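Here are the chains, one letter per residue:
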There are 2 protein chains.
Amino acid sequence: MKDLLIQLDHNSKKALYEQIYAFIRNEIADGKISHGEKLPSTRLLAGNLQISRSTVELAYEQLVAEGYLQTRPCAGYFVCDISGMYEWKQENRKETAEHIRQMEQKRSENYRITFSPFRVDEEHFPFRLWQKLNRNANFADDPSFFHAGDSRGDLRLRSVISSYLHRARGVNCEPEQIVLGAGNEYLLLLLAQMLGSNKVVAMEDYTYIQAAWTFQNMEYIVAPVGMDESGICIDEVKSYGADAVYVMPSHQFPIGTVMPLKRRMELLQWAAAEPDRYIIEDDHDSEFRYRGKPIPSLQGMDDGNHVIYLGTFSKSIAQSVRVSYMVLPKKLLGRYLSDCGFYSTTVPRIQQEVLYRFLENGDFERHLNRMKNVYKTKQECLLRLLKKQSWVKKIYGENAGFHVNVELNTTLSEAEVLALAEGKHIKLFGLSAYRLKKGEVQKPVILLLGYGNINEAQIKEGIEILSELLDPYVEKQG
Amino acid sequence: MKDLLIQLDHNSKKALYEQIYAFIRNEIADGKISHGEKLPSTRLLAGNLQISRSTVELAYEQLVAEGYLQTRPCAGYFVCDISGMYEWKQENRKETAEHIRQMEQKRSENYRITFSPFRVDEEHFPFRLWQKLNRNANFADDPSFFHAGDSRGDLRLRSVISSYLHRARGVNCEPEQIVLGAGNEYLLLLLAQMLGSNKVVAMEDYTYIQAAWTFQNMEYIVAPVGMDESGICIDEVKSYGADAVYVMPSHQFPIGTVMPLKRRMELLQWAAAEPDRYIIEDDHDSEFRYRGKPIPSLQGMDDGNHVIYLGTFSKSIAQSVRVSYMVLPKKLLGRYLSDCGFYSTTVPRIQQEVLYRFLENGDFERHLNRMKNVYKTKQECLLRLLKKQSWVKKIYGENAGFHVNVELNTTLSEAEVLALAEGKHIKLFGLSAYRLKKGEVQKPVILLLGYGNINEAQIKEGIEILSELLDPYVEKQG
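Conventions used here
- Residues numbered from 1 in each chain as written.
- Chains lettered and ligands numbered in written order.
- Predicted model: local features only at pLDDT ≥ 70, side-chain atom pairs only at ≥ 80, totals over all residues.
- Heavy atoms only, no water.
- Pairing = 2+ DSSP bridges.
- Helix = DSSP H or I, 4+ residues; strand = E, 2+ residues; numbered from the N terminus.
- Axes fitted to C-alpha atoms, helices over the stretch in contact; angles between N-to-C directions.
- Contact = heavy atoms within 4.5 Å.
- Least-squares fit on C-alpha atoms with pLDDT ≥ 70 in both.
- Buried < 20%, exposed > 50% of the residue type's maximum accessible area, 1.4 Å probe, protein only.
- pLDDT = per-residue confidence, 0-100.
- Buried area = accessible area lost by both parts, 1.4 Å probe.
- Salt bridge = Lys/Arg side-chain N within 4 Å of Asp/Glu carboxyl O.
- Nonpolar A, V, L, I, M, F, W, Y, C, P; charged D, E, K, R; others polar.

Visitor: Can you walk me through the sheet that holds strand 10 (residues 278-282) of chain A in this structure?
Guide: Strand pairing within a sheet occurs via backbone hydrogen bonds; the two strands may be parallel or antiparallel. Residues and elements named next belong to chain A. Read from one edge of the open sheet, seven strands run 4-12-11-10-9-5-6, paired in mixed fashion. Among the strands making up the open sheet, the edge pair consists of strand 4 (178-181) and strand 6 (221-225). For this sheet, the mean angle separating the axes of adjacent strands, direction not counted, is 20°. Strand direction decides the pairing type here: strand 4 and strand 12 (residues 324-327), joined by four bridges, are antiparallel. Bridge pairing in strand 12 places V179 opposite M326. Helix-sheet contacts for helix 6 (residues 155-169) involve strand 4, strand 11 (307-312) and strand 12, and the interaxial angle to strand 4 is about 110°. Docked against the sheet, helix 8 (residues 209-217) engages strand 5 (200-204), strand 6, strand 9 (244-247) and strand 10, running at close to 170° with respect to strand 5.

Visitor: Would you explain the relation of the copies chain A and chain B in this entry?
Guide: Note on the chain copies: they are related by a rotation about an axis and a translation along it. At an RMSD of 0.4 Å, chain A and chain B line up after a rotation of 180° and a shift of 0.2 Å along the axis. Such a combination of rotation and displacement between the chain copies is what one expects of a two-fold axis. Relative to the rotation axis, the C-alpha of R135 of chain A is the closest in chain A, positioned 2.9 Å from it. Counting the interface residues of chain A, we find that 100% of their copies in chain B are interface residues as well, pointing to one common contact surface.

Visitor: Explain unusual backbone geometry here, please?
Guide: As a rule of thumb, non-glycine residues mostly have phi less than zero, and peptide bonds are mostly trans rather than cis. The linkage connecting F253 of chain A with the following residue, P254 of chain A, adopts the cis geometry, with an omega of 0°. Relative to the elements of secondary structure, P254 of chain A occurs in the loop between strand 9 and helix 10 (261-272). The peptide bond linking D205 of chain B to Y206 of chain B adopts the cis configuration, its omega dihedral lying at 25°. Here Y206 of chain B shows up in the loop between strand 5 (200-204) and helix 8 (209-217). Phi at E219 of chain A is positive, roughly 65°, even though this residue is not glycine. Positioned with a positive phi, H425 of chain A is a non-glycine residue whose angle comes to about 60°.

Visitor: What's the story with the environment of A272 of chain B in this structure? I'm lost.
Guide: Residues and elements named next belong to chain B. Along the chain, the position of A272 falls in helix 10 (residues 261-272). The exposure class assigned to A272 is partly exposed, which follows from its relative accessible area of 46%. Here the alpha-carbon distance between A272 and F402, two residues 130 residues apart in the chain, equals 33 Å.

Visitor: Teacher, can you tell me more about the pairing of strand 6 of chain A here?
Guide: The side chains of a regular strand alternate between the sheet's two faces. All names here are of chain A. The buried fraction of strand 6 amounts to four of the five residues, a majority that puts the element mostly inside the structure. Here five bridges tie strand 5 to strand 6, and the two strands are oriented parallel to one another. Following the sheet pairing, M203 is matched in strand 6 by P224.

Visitor: So what exactly am I meant to see when it comes to the confidence of the model for chain A here?
Guide: Parts of the model with low pLDDT should not have their predicted coordinates read in detail. When pLDDT is averaged along chain A, the result is 88; 91% of the residues meet or exceed 70. Overall fold confidence (pTM) sits at 0.79, and the ipTM for the predicted complex is 0.78.

Visitor: Would you mind going over the interface of chain A and chain B with me for this structure?
Guide: It is common to give the size of an interface as the accessible area lost on bringing the parts into contact. With 61 residues of chain A at the contact, the number on the chain B side is 61 residues. Interface of chain A and chain B: buried area, both sides summed, is about 5,600 Å²; carbon and sulfur atoms make up 60% of it. Here chain A and chain B share zero salt bridges between them. Of the residues contributing to the side of chain A that touches chain B, the split by class is 26 nonpolar, 20 polar and 15 charged.

Visitor: Explain the pattern of salt bridges here, please?
Guide: A pair can form between side chains of opposite charge whenever their charged atoms are brought close. One pass over the structure, following the stated rule, counts 38 salt bridges over all chains. With a closest N to O distance of 2.6 Å, E353 of chain A and R156 of chain A form a salt bridge. Pair noted here: E353 of chain A is in helix 12 (residues 349-360) and R156 of chain A is in helix 6, with a separation of 197 residues, a long-range link. The buried category is assigned to E353 of chain A, whose relative accessible area is 2%. The class for R156 of chain A is partly exposed, based on a relative accessible area of 35%. The salt bridge involving E353 of chain B is made with R357 of chain B; its shortest N-O contact spans 2.9 Å. Here R357 of chain B and E353 of chain B lie together in helix 12 (residues 349-360), a separation of four residues that amounts to about one turn.

Right, dumping it as structure tokens:
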């Protein structure tokens, strides 16, 4: 049995159980207590530390819940095997969540320039029009505005979304297949309830990390799958025995890959081989495509049974409107109604009405066309500047969206680059935050340079400052 | 082995697997196939029906997922035991979900009078004020309105909610403990992710049924606990080995019980006996109390560690605003941040701003006072009329909220009463829809007569029609 030399700080703000929990967790993570070792009983440890037994129990239970310990009846607590195939540990995630929270806090500390790949333009928003729509949608207009209404959202709004998706994205669906929700993660929470727990979902690694966390919260196993130049590797999907795969075929985040037809067909064939296999297609930002012809959705190529299509107004309007939509295959509609049909919609009725009017009279598509030009101009400015820099090795992912990926020519690590920029009040985003398989150091350093919410002057200023910072560390060519 | 005489309809809109699934499910539910019986293999049944094997597999897998069948390796599919302690079957729930959906549809069929216990008054809403607040909260005002902001919701809004809750409900909390979300169910989804799966949650039976379904979707075991005149029976909570208990101590829905101090203390003691036990206090409508002194929240009596407090603006403003709040014990804050802190808020930023202004300048509490009088007047009218009726045996639950419970003096069943009223385009709500333990016929018949969204003329007309319908069926006194 392992002896635990825990130093408790009774004056700490941190609760005693948390101190015990953190100590043991770190010992396990550092390999100081190994797989299979038995921990002292709660009674013994409580006696040694002169604290109540329930405090120790609480710490142990937390460790059990997080998969660090397991109990064996009548035998006690033993350390679990935390290595293995799905090694993307809870631990990493907690650190990342904390990291993101810190980032959120720092946001309010007013960076001089934020190269965010998520923020949308705030200068060219149709303020007047939006205000007019808001002013005109009142409770007094229609008594039904008081009621939450259909669980999936207002039928008229779902109808205009369905036409828009068909026209713009080649999506084939009836309004009845559309479910509105307050953000993609909420819709994924619903989906996980419908598909059932303990499924394996394969995800592109790198990916939209919040989706992975959502699946994990729903007790899904997230299988991180490698990508080649065509996107997700189907053989790896198969080797994981995945029940579902979450992909962004039209513009992969954060890499920018467009999945070619051949890979799409392979993916659809994989799904069609079993009746309850699904492809979750997150079509997050393909409204903003600057080069090449528009790429229709994977959903439109399917027989209607295997693709769950996700889209959002977070990028096409604003993150704060909190409206996303999910297109379900018809065969899942019954399951939706029985498992999730009792939930009231998460989108306020008036918000639905405003959106309906925005879409219905064509304003939305006019807005998209205007914004596409705005973003394209910003991107051209950024690319022009980047191409002159010796610290830039390679640029990719410039066909769509709000960011380009920049592979750096530098002797620094990603963390060092981010910290240097931070010192000059510039917020940068590194690729490694979107990695599922943690642990390996990201080499080469790749930045996600977002330009959605900065103007040309800020882009120029930002790149100038970055040049000052990065020029001294350019790697000499061998 | 059981032979299955399934008649497939190849012209039906219903998919073949659904027809097979529904047939077998009904056979099991009706007891025509018993616990332990073996079903024909997928190969055999597919051959008999001349359809593909994968179609049969899909039907079987659905039945496995729903707990009707189980697989034994190398042996095949067997019927599960669907009776037992937690006998509140998925089946019932599906029917109820379908029932609710039908009810929703019928709503649009324009009932003459709806005695809904959920709908709020739509005549006395402060339309002008709300429109003004809406008009004045624009994206142009503040760049931060574009961003989703804090995962828990805007800090200023959480601050005014925290003061309001302290003043009006005796809740002790800091703004940091408050999490806003698009409805109670969404907050329960978050809570279940934080507390972990496979927990047992004890609920009052009868209860707010959507909360039970939400817990079930999150793989919780819902333990239906009886109530006496003081509310939930603690001994039963203990006998189920519950990890959490979901209660409405200030005004139980749908019964109307107020939990007295002694039972509250017992409940708090139960929770305090283990470090990770929680009481979920749903304080859904105690803003509207008409008799006796206000009843402070259970949260305010706790040491701050065991009560999770839930409240909503659905009843105090409108169901369609989709804003609820959850007050977490401080010790759960870390878990919230690590497990759920990455979720963007589900409440649109502008909606938060409107609410903030409504609360901040006192309009909300003025609105509550005004509405309390509106509801009280309607309730008095209803009670006056009910007391004259021979079909009314007993009235209770009139101290708060939007409905009174009326025990009928009738030879009819609840379903018959509802159907009779439906024939006259009157929508009634029976108590049995809120029962967890299904199966037993509800006797005596108890109606939830809601008066929130009907005026005095409609109340009079409705009771007159009900009298015509029910007078012929009054039970003769023995």
